[in-house]
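# Structural features, examined
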Amino acid sequence: MINKTVKSLAEAVQDIHDGATIMISGFGEAGSPIELIHALIDQGAKDLTVVSNNTGSGNVGLAALIEQRRVKKMICSFPRTANSTVFPELYNAGEIELELVPQGTLAERIRAGGAGIPAFYTPASVNTPLAKGKECRVFDGIEYVLERGIKADFSLVKCELADRYGNLTYHATARNFGPIMCTAATTSIVQAKKVVEAGVIDPEIVVTPGIFVNHIIEVSNPAHESDLVAQKLTYPW
Amino acid sequence: MDKKEIREVIAKRAALELNDGDVVNLGIGLPTIIPNYVSADVNVTLQSENGMLGMGAAPAEGEEDPDFVNAGGGYITCKEGASSFDSSVSFGIIRGGHVDVTILGALQVDEQGNLANWIIPGRLTPGMGGAMDLIVGAKRVILAMEHTAKGRHKILKECNLPLTAAGQVNMIITEMGVMEVLPEGIVLKEYNPLFTLEQIQEATDAKLIIAEDLIEMRKN
C-alpha cells in the first residue's frame, strides 16, 4: 500500500544531508513550511544552498536556519523584506552568498528543472547587470537571455490537503512556489494542514500529483510567522 | 502639497489610465492606493504576482488570513471570479503579455524609456522581485512616482543606476504632470497648474517636449 505519511517532523527531514540544495516554498510567510524548517534546524544539516523567494523574517523559520549558519548560499528574488534582518547582516558581513534572480525567472527555472528543460530564453533582465556574461539571442526582433533550469535534492513545501498518495491541494496565495518545487526536487517533503483519506480529494482539483511527493506530515495548526515575529521569538526556543 | 496630497494627486490621475476589463498589476507602495480612485463603472482585474487574479481590498481588522497576501506581503481578500495559481503560471501571465497595464514606482527613468528601480550600488538591494518580468511583459508600463527625490532629479537624460529594463516605459505620472515616453523623447501632455512649465522643466533633467495639445492634469 502506498503511504507517504510519516510519524513526525523529525522523520520527515531525517535524510537531508550536508551540502544539499533545498527548495523552500513560500512568498513571505504565505506558504512557508515553518515547522519543517524548524525540524531541519533541529536535524543539523549544514552548508545548504536554499532556493526560496525571500530570506525569512525575524528570527524564526528560514531566517532562523540562516541565523544558525546552516545556509552557505541563497538563491532568491527578494532577499530583504520588511522584517528581515538576519540575512542582510550576514550578507553585509560577507558570510553568506546570494544569487539574485528575477522572480519570474526563478519560477521558470524551477518549473524547467522539474520538466526536463535544461535552459530557456526569457526577456527579463536583458540590458541589466544580471544578463552580463549570459548568452543572449534575438527572436523576432526581441532580445532574450538564456537561463538554466534548476533542480534540488529536497524541497520543503506547505500545502492545504494531502492524501497518503501525496496528492496535494493548496490555499490561495500560499500556493506560490509549492507545486513547481515538488516537481524539481529529488525528494519532496510536505507539511499538510490536513491529511485526508485516499479518494477524498477529487482528481480534478489535485494541484500536485502524488508522484512528485515523498514524505507527508500533518501539521494541523501551523504557526503564523508574523505572529512569532511580533512576539520577537527566536528558534530554537 | 504635502506628501499625502502628492500621493493622492498621482493616484487619482493614474486611476484614469485603467480601462474597463483591464488586467492590472500594481507595484508596491503608492500604486496600491490607485484602486481606491477607480470609477465604479470601471471593472479591472487585479493580478498579484504571488498567484492570484481578482484580488480584492484589504480585509477588515480581525479578518486577515495569512494565506491571502499581495506582492508587498499585505493582507488581501479575493473578489467573486477570482482564481489562484502557482508562481510559474503567474509569471506566464506576466511575461506572456496577458497583463494590460502595470503601474509601479521608480528610482530613475530616462528619455529612452529605461527604468531603474531595484538597486543602488553598494547597498544590499531589497531585490527586484517580479519587477524585471513585469516591465518586459506588461502591454503598458506606467510609472506613478514623485517627480523628484527630495529635489534630486529622477526623470533623466540617461539613467545612471543599473537598469531594471530598457526601453519599456510608456508613461510617467507625477504630482507635476503626465508625460508620455515616445521615440522623440519625453512629451509633457498634462501639467498640474500649481506649477509653471519652467518649474516642471527645472525639476526634470531630461529636456521635456511640450505637447501641442498640452492640457491641465485631468481629474476625470
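Here is what the cut-offs are and how they apply
Residues numbered from 1 in each chain as written. Chains lettered and ligands numbered in written order. Predicted model: local features only at pLDDT ≥ 70, side-chain atom pairs only at ≥ 80, totals over all residues. Heavy atoms only, no water. Helix = DSSP H or I, 4+ residues; strand = E, 2+ residues; numbered from the N terminus. Rg over C-alpha atoms; globule rule 2.2 N^0.38 Å. Buried < 20%, exposed > 50% of the residue type's maximum accessible area, 1.4 Å probe, protein only. Contact = heavy atoms within 4.5 Å. Areas by Shrake-Rupley, 256 points an atom, 1.4 Å probe, with all protein chains shown as cover. Lys, Arg positive; Asp, Glu negative; His and termini not counted. Charge placed at Lys NZ, Arg CZ, Asp CG, Glu CD. Buried area = accessible area lost by both parts, 1.4 Å probe. Salt bridge = Lys/Arg side-chain N within 4 Å of Asp/Glu carboxyl O. Polar contact = N/O pair within 3.5 Å; in protein donor to acceptor, adjacent residues only side chain to side chain. Nonpolar A, V, L, I, M, F, W, Y, C, P; charged D, E, K, R; others polar. Axes fitted to C-alpha atoms, helices over the stretch in contact; angles between N-to-C directions. Parallel < 35°, antiparallel > 145°, perpendicular 65-115°, else oblique. Left-handed = near helix turned anticlockwise from the far one by under 90°. Pairing = 2+ DSSP bridges. Core = buried A, V, L, I, M, F, W, Y, C linked by side-chain atoms within 4.5 Å. pLDDT = per-residue confidence, 0-100.

### Side note on the overall build of chain A
The number of helices and strands found in chain A is 7 helices and 11 strands. In summary, chain A has a C-alpha radius of gyration of 18 Å against a globular reference of 18 Å for 237 residues, a match within 12%. Counting only C-alpha atoms and orienting by the principal axes, one finds that chain A spans roughly 55 × 45 × 30 Å. Per-residue burial over chain A gives 55% buried out of 237 residues. Within chain A, contacts between residues separated by at least 24 positions form 75% of all contacts whose residues are at least 6 apart in sequence. With the model as given, the accessible surface of chain A reaches about 9900 Å², and the carbon-plus-sulfur share is 48%. With 21 positive and 26 negative side-chain charges, chain A shows a separation of 3 Å between the mean positions of the two kinds.

### Points about the overall build of chain B
When helices and strands are counted, chain B shows 4 helices and 15 strands. What you see for chain B is a C-alpha radius of gyration of 17 Å, in line with the 17 Å of a compact globule of 220 residues. Seen through its principal axes, chain B has C-alpha atoms that stretch 50 × 40 × 30 Å. Among the 220 residues that make up chain B, the fraction classed as buried is 54%. If you take every contact in chain B between residues at least 6 apart in sequence, the share linking residues at least 24 apart comes to 63%.

### Comments concerning the interface of chain A and chain B
At the junction of the two partners, chain A supplies 41 residues and chain B supplies 35 residues. Summed over both partners, the interface of chain A with chain B buries about 3100 Å², with 64% contributed by carbon and sulfur atoms. In this assembly, chain A and chain B are joined by 0 salt bridges. Put simply, chain A and chain B have 17 residue pairs in polar contact (both at pLDDT 80 or more) between them. Within the residue set of the side of chain A that touches chain B, elements represented by two or more residues are helix H4 (86-92), strand E4 (97-100), helix H5 (103-114) and helix H6 (178-184) of chain A. Grouping the constituent residues of the side of chain A that touches chain B by class yields 21 nonpolar, 14 polar and 6 charged.

### Comments concerning the packing of H5(A) against helix H2 (residues 87-95) of chain B
Between two packed helices, both the angle of their axes relative to each other and the distance between the axes serve to describe the pair. In the contact formed by H5(A) and H2(B), the axes pass within 9 Å of each other and the chain directions differ by 125 degrees. Here H5(A) lies oblique to H2(B), going by the angle between them. Note that H5(A) runs across H2(B); the crossing there is left-handed. For the pair H5(A) and H2(B), contact is made by Gln103(A), Gly104(A), Thr105(A), Ala107(A), Glu108(A) and Arg111(A) and by Ser87(B), Ser88(B), Phe91(B) and Arg95(B), respectively. Partitioned by chemical class, the residues of the contact of H5(A) with H2(B) number 2 nonpolar, 5 polar and 3 charged.

### With respect to the pattern of salt bridges
Within the structure shown, the criterion is met by 14 salt bridges over all chains. A salt bridge links Arg109(A) to Glu99(A), with the shortest nitrogen-to-oxygen separation between them at 3.0 Å. In this pair, Arg109(A) sits in helix H5 while Glu99(A) sits in strand E4, placing the two residues 10 residues apart along the sequence. A salt bridge links Arg13(B) to Glu190(B), with the shortest nitrogen-to-oxygen separation between them at 2.8 Å. With Arg13(B) in helix H1 (residues 3-15) and Glu190(B) in strand E14 (residues 185-191), this residue pair connects regions lying 177 residues apart in the sequence. What makes Glu190(B) buried here is its relative accessible area of 6%.

### Section: the pairing of strand E13 (residues 177-182) of chain B
Residue and element names in this part refer to chain B. Of the pairings in the sheet, the one linking strand E12 (residues 171-173) to E13 comprises 3 bridges and is antiparallel in character. Residue Met171 lies in a different strand from E13, and its bridge partner there is Glu180. Connecting the antiparallel pair E12 and E13 is a turn made up of 3 residues. In this structure, the hairpin formed by E13 and E14 is closed by a connection of 2 residues.

### Considering the nonpolar core
Core analysis: the biggest nonpolar cluster contains 33 residues, and Ile16(A), Ile22(A), Leu65(A), Ile66(A), Met74(A) and Leu156(A) have the highest contact counts within it. Going through the elements one at a time, helix H1 (9-13), strand E1 (21-24), helix H2 (34-43), strand E2 (48-51), helix H3 (61-67), strand E3 (71-76), H4 and strand E8 (152-162) of chain A are the ones with two or more residues in this core. With near-sequence residues (within four places) excluded, Leu156(A) lies in contact with Val13(A), Ile16(A), Ile22(A), Met23(A), Ile24(A), Ser25(A), Pro33(A), Leu36(A), Ile37(A), Leu40(A) and Ile189(A). Formed by 28 residues, the second largest nonpolar core is a distinct cluster that contains Ile10(B), Ala14(B), Val24(B) and Met171(B).

### As for the confidence of the model for chain B
In this model, chain B carries a mean pLDDT of 95, and residues with pLDDT of at least 70 account for 100%. In the predicted assembly, ipTM is 0.97 and pTM is 0.97.

### Things to note about the sheet that holds E14(B)
Residue and element names in this part refer to chain B. With respect to topology, 10 strands assemble into an open sheet ordered E4-E3-E2-E1-E5-E8-E12-E13-E14-E15, the strand pairing being mixed. What marks the edges here is a single partner per strand, and that holds for strand E4 (78-84) and strand E15 (209-216). Taken pair by pair, the neighbouring strands of this sheet meet at an average axis angle of 25 degrees, ignoring direction. Inspection of the sheet shows strand E1 (residues 23-26) paired to strand E5 (residues 101-104) by 3 bridges, in the parallel sense. The residue bridging Asn25 from the neighbouring strand is Thr102, located in E5.

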